[in-house]
Amino acid sequence: MIPRTRIRNIGISAHIDSGKTTLSERILFYTGRIHAIEEVRGGGKGATMDFMPEEKLHGITITSAATTCQWHDTQINLIDTPGHVDFTIEVERALRVLDGAVMVLCAVAGVQSQSITVDRQMKRYRVPRLAFINKMDRTGADPFRVVQGIRDRLQLNAILLQYPIGSEDQFQGVIDLVEMTADYFEGENGENWLKKPIPESLIDEAQQAREKLLDTLSLFSEPMTEMLLAGEEIPKELIWETIRQATLSLEFTPVLLGSAFKNKGVQNLLDAVTLYLPSPIDREVVKTAESVSVYPNPDASLVALAFKLTVESFGQLTYTRIYSGTLKPGDTVYNSRTEQRVQIGRLVRMHANKREEVKVAVAGDIVALLGVDCASGDTFCSGEPLVSLEKMFVPEPVITLAITPKKQEDSDRLSKALNRFQREDPTFRLSIDPELGSTLISGMGELHLEIYLERIQREYNAEVYVGTPAVAYRETIRQQATFDYRFKKQSGGPGQYAHITGWIEPTDEPFIFENRVVGGAIPKEYIPACEKGFREAMQSGQLEGYPVTGVKVVLDGGSYHPIDSSELAFRSASHQAIEGAIAKAKPYILEPIMLVEVETPNEFMGRVQGDLSSRRGLLLGSETMQGYTVIRAEVPLARMFGYSTELRSLTSGMATFSMEFACYRQS
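Since the model is a prediction, treat every value here as computed from it, not as a measurement.

Reading the values: the criteria
Residues numbered from 1 in each chain as written. Predicted model: local features only at pLDDT ≥ 70, side-chain atom pairs only at ≥ 80, totals over all residues. Heavy atoms only, no water. Helix = DSSP H or I, 4+ residues; strand = E, 2+ residues; numbered from the N terminus. Rg over C-alpha atoms; globule rule 2.2 N^0.38 Å. Buried < 20%, exposed > 50% of the residue type's maximum accessible area, 1.4 Å probe, protein only. Phe/Tyr/Trp six-rings, centres within 6.5 Å; stacked < 30°, edge-to-face > 60°. Lys NZ or Arg CZ within 6 Å of the ring centre and 35° of its normal. Salt bridge = Lys/Arg side-chain N within 4 Å of Asp/Glu carboxyl O. Axes fitted to C-alpha atoms, helices over the stretch in contact; angles between N-to-C directions. Parallel < 35°, antiparallel > 145°, perpendicular 65-115°, else oblique. Left-handed = near helix turned anticlockwise from the far one by under 90°. Contact = heavy atoms within 4.5 Å. Nonpolar A, V, L, I, M, F, W, Y, C, P; charged D, E, K, R; others polar. Core = buried A, V, L, I, M, F, W, Y, C linked by side-chain atoms within 4.5 Å. Pairing = 2+ DSSP bridges. Arc of directions from axis to C-beta.

Engineer: Tell me what's going on with the overall build of the protein chain, and back it up with residues and numbers.
Structural biologist: In terms of helices and strands, the protein chain carries 15 helices and 37 strands. The C-alpha atoms of the protein chain give 28 Å as radius of gyration, which agrees with the globular expectation for 667 residues (26 Å, within 12%). Each principal axis of the C-alpha atoms in the protein chain carries an extent, and together these give about 100 × 65 × 60 Å. For the protein chain, the residues scored as buried account for 55% of the 667 residues in total.

Engineer: Explain the packing of aromatic side chains to me, using residue names and the numbers behind them.
Structural biologist: Counted by the stated rule, this structure contains 15 aromatic pairs. With a centroid separation of 5.3 Å and an interplanar angle of 45°, the aromatic rings of Y473 and Y546 are classed as tilted. Here Y546 lies in the loop between α12 (527-537) and β33 (551-559) and Y473 lies in the loop between β28 (470-471) and β29 (474-477), a separation of 73 residues in the sequence. A centroid spacing of 5.6 Å and a plane angle of 45° characterise the contact between F513 and F534, whose relative ring orientation is tilted. Linking F513 in strand β32 (residues 511-515) with F534 in helix α12, this pair joins segments that are 21 residues apart in sequence. Taken as a pair, F513 and F534 share a single burial class, namely buried. Each residue in the set F421, F428, Y452 and Y460 is aromatic and connected to the rest through ring pairs, giving one cluster. In this structure, K196 packs its charged tip against the face of Y184, placed 5.4 Å from the ring centre.

Engineer: Got a sec to walk through the pattern of salt bridges? Specific residues and values, please.
Structural biologist: Note that side chains of opposite charge can pair when their charged atoms are close. With the rule as written, the count across this model stands at 31 salt bridges. Each of R420, E424, R455, R458 and E459 takes part in a single network of salt bridges with overlapping partners.

Engineer: So, the environment of H35: which residues are in play, and what are the values?
Structural biologist: Relative to the helices and strands, H35 resides in the loop between α1 (20-30) and α2 (53-58). Given a relative accessible area of 72%, H35 falls into the exposed group. The spatial distance from the C-alpha of H35 to the C-alpha of G11 is 22 Å, given a sequence separation of 24 residues.

Engineer: Can you break down the packing of helix α3 (residues 88-97) against helix α4 (residues 113-124) residue by residue, with the values?
Structural biologist: Across the interface, α3 lies against α4 with an axial gap of 9 Å and an inter-helix angle of 30°. Taken together, the axes of α3 and α4 lie roughly parallel to each other. For the crossing formed where α3 meets α4, the hand is right-handed. In this structure, α3 contributes T88, V91, E92 and L95 to the contact, and α4 contributes Q114, T117, V118, Q121, M122 and R124. Split by residue class, the contact of α3 with α4 holds 4 nonpolar, 4 polar and 2 charged.

Engineer: I'd like a rundown of the nonpolar core, residues and numbers included.
Structural biologist: With 54 residues, the main nonpolar core has I133, I150, V255 and F307 as its most contacted residues. If sequence neighbours within four positions are ignored, I133 has contacts with L105, A107, P143, V146, V147, L160, V255, L256, L257 and G258. Within the second largest apolar cluster, 52 residues are counted, among which are L23, I76, Y163 and A206.

Engineer: Pulling in residues and values, what's your account of the sheet that holds strand β7 (residues 162-165)?
Structural biologist: Read across the sheet, 4 strands follow the order β7-β8-β9-β10 without closing on themselves; strand pairing throughout is antiparallel. Both outer strands of the open sheet, β7 and β10 (192-196), are each paired with one neighbouring strand and no more. Sheet twist, expressed as the average angle between the axes of neighbouring strands with direction ignored, equals 30°. Sheet topology note: the β7/strand β8 (residues 173-176) ladder contains 4 bridges and is antiparallel. Counterpart to Q162 in the pairing with β8 is D176.

Engineer: Tell me about the packing of helix α8 (residues 236-248) against helix α9 (residues 266-276), and name the residues and values.
Structural biologist: Contact pair α8 / α9: the axes reach a minimum separation of 9 Å and the direction vectors enclose 75°. In terms of orientation, α8 and α9 fall into the roughly perpendicular class. Contact residues: W240, I243, R244, T247 and L248 in α8; T274, L275 and Y276 in α9. Among the residues making up the contact of α8 with α9, the classes are represented as 5 nonpolar, 2 polar and 1 charged.

Engineer: Could you give an account of the side chain of S565, naming the residues involved and the relevant values?
Structural biologist: Relative to the helices and strands, S565 is located in the loop between β33 and α13 (567-584). Beyond its immediate chain neighbours, meaning those up to four positions away, S565 contacts Y497, Y526, Y560 and F570.

Engineer: For the sheet that holds strand β11 (residues 253-257), give the residues involved together with the corresponding values.
Structural biologist: Taken together, the 7 strands give an open sheet; going across it, the order is β2-β3-β1-β4-β5-β11-β6, and neighbouring strands pair in mixed fashion. Across the chains shown, the open sheet's two edge strands, defined by having one partner strand only, are β2 (65-71) and β6 (158-160). Ignoring which end each strand starts from, the neighbouring axes of this sheet average 30° apart. Two strands pair when backbone bridges link them, and strand β1 (residues 7-14) and strand β4 (residues 100-106) are joined in this way by 5 bridges, in the parallel orientation. From the neighbouring strand, G11 faces β4, where its bridge partner is A101. Sheet strands in contact with α1 are β1, β2, β3 (74-80), β4 and β5 (129-134), and its direction is about 150° off that of β1.

Engineer: Describe helix α5 (residues 143-153), listing the residues and the values that go with them.
Structural biologist: What α5 keeps buried is the set P143, V146, V147, G149 and I150. Buried residues along α5 cover an arc of 155° about the axis, so they all sit on one side. Residues of α5 that are buried sit in contact with β4, β5, β6, β7 and β11. Just downstream of α5, Q155 is the residue with a positive phi angle, here 55°.

Purely spatial values, then, with no claim about function.
If you want it as structure tokens, here you go:
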């Protein structure tokens, strides 16, 4: 068994088209996991990690894919995640269970909108990361500007560990500022990694870059500070250890350079992963919802998190991270959410969509369970007390489509597809239009729902009619309002009685319930029913029937009847009380606002800005680079449908854009 110190659980995350999947393909090739390199676009079989037909068709990563490879004496469990914001939940749940990450940035575009989202997710789960500046061979590549962007826009203490040997079409390799060697990559696929003396023309620049690196690192190492002041040579082992400790403490972000497509710099990155990113035992102790500490000890009780599931013809495939203990086929464990016993059948290690049988999984491993019935986010435990790992953050959908089956025989197949997708993807929601009776599907964007519609047809052979997209508006309140509601029914037998008092007020959280009932005015067993009634009332607002958000409910009193009171009575009273209170609290409608980033040739800049303004867009600023401009704006989602077609028309097909949810704002 591989020592826990020689395991790295890492993810590769970035803005779309930064080269994540191309980088993953090279990592698999150089570690000997695959023996031929395939490209994301360009015929052939396609990249190993993009195995879905929709991924090959659209040329993007849609679902996170896991694999395992070996670099020297270190096992790397790798998850390649999507870059498109519509599939951000795939990044979210991968980072929830990983120990370290590689953030990929384009050497030309630098920090982009989804880079900021990924950075926010990494900080949410306190994941140490390396930055890899990719596409150094592209025209306009400027790694120094990208590093400054990381420092300014992401507020990270980022420093280059390498210095480029040329750039754009003259990019030849990198200078390792720790070992002070020039690294070149020769052979048909860059497999011959050669270390040579630094070119004379770059010695001074490399020396200055090394001094800057050491000055920064000396802040984290007293021995290094003393050696620098004494003018002594710093051993590379001390530099490596200082970088590692500063990276693990999230105080430092090492930056490396390369071109995955041109097969340059990937081996250095693999070395950096093993040198600087944490093993399972280096990560901070995991806390459960009950504030119990979980240590990565194979001999302790089992604690494992089901972080992703896919439903296939043979049953459910559950991706699971083992945080503590040991798991074997045939073991019986407990699902802490359902408190039910679960029999573990087969364990497999994933290589994209292929499986390899595993006989045992221990703390630090990421494996998949076959045939286990559970939900995404469930915790598996082996003994008392049952604990639950903290849930991951799930963003709210912003767009809705109405769909109806074209034929009667499509109805059952559609129902199976939608139920499966809802189980697999927490950001894919189902509901029914109360007026028309049609099925409503909600998601993170047009592409998100478009992919599911393609899968409904391809995987389930079901044809559907699709309505026009609708924006997922919300309602909220402007001020505090009180409620004092008495629910009383008498219909010849046992009656129904419940009385509640309290108030509602605006809050930044989606919903907060606070129980301030004292003295037994409402029996404790009825309090959960009150909260349930409050939550039900939030599903439909008073203005247009949109869900209500940003409300705190305080229950401070009431009364009950020893015979006529029941959970149902208090639930009904709570529902109706809140409806009345919301009507008094000056409700108003919120609309989703999107952060839009457009990359356009300079000659179309004014035209694009004018169009964004006409869509009620708030221009945030622009950044001019060689020959093109990046424009950032906040625009209501309702005005962004069909924007890709309009943008192509405005710029002769030469501009691109990305869009992600920013906030809700009064419409």
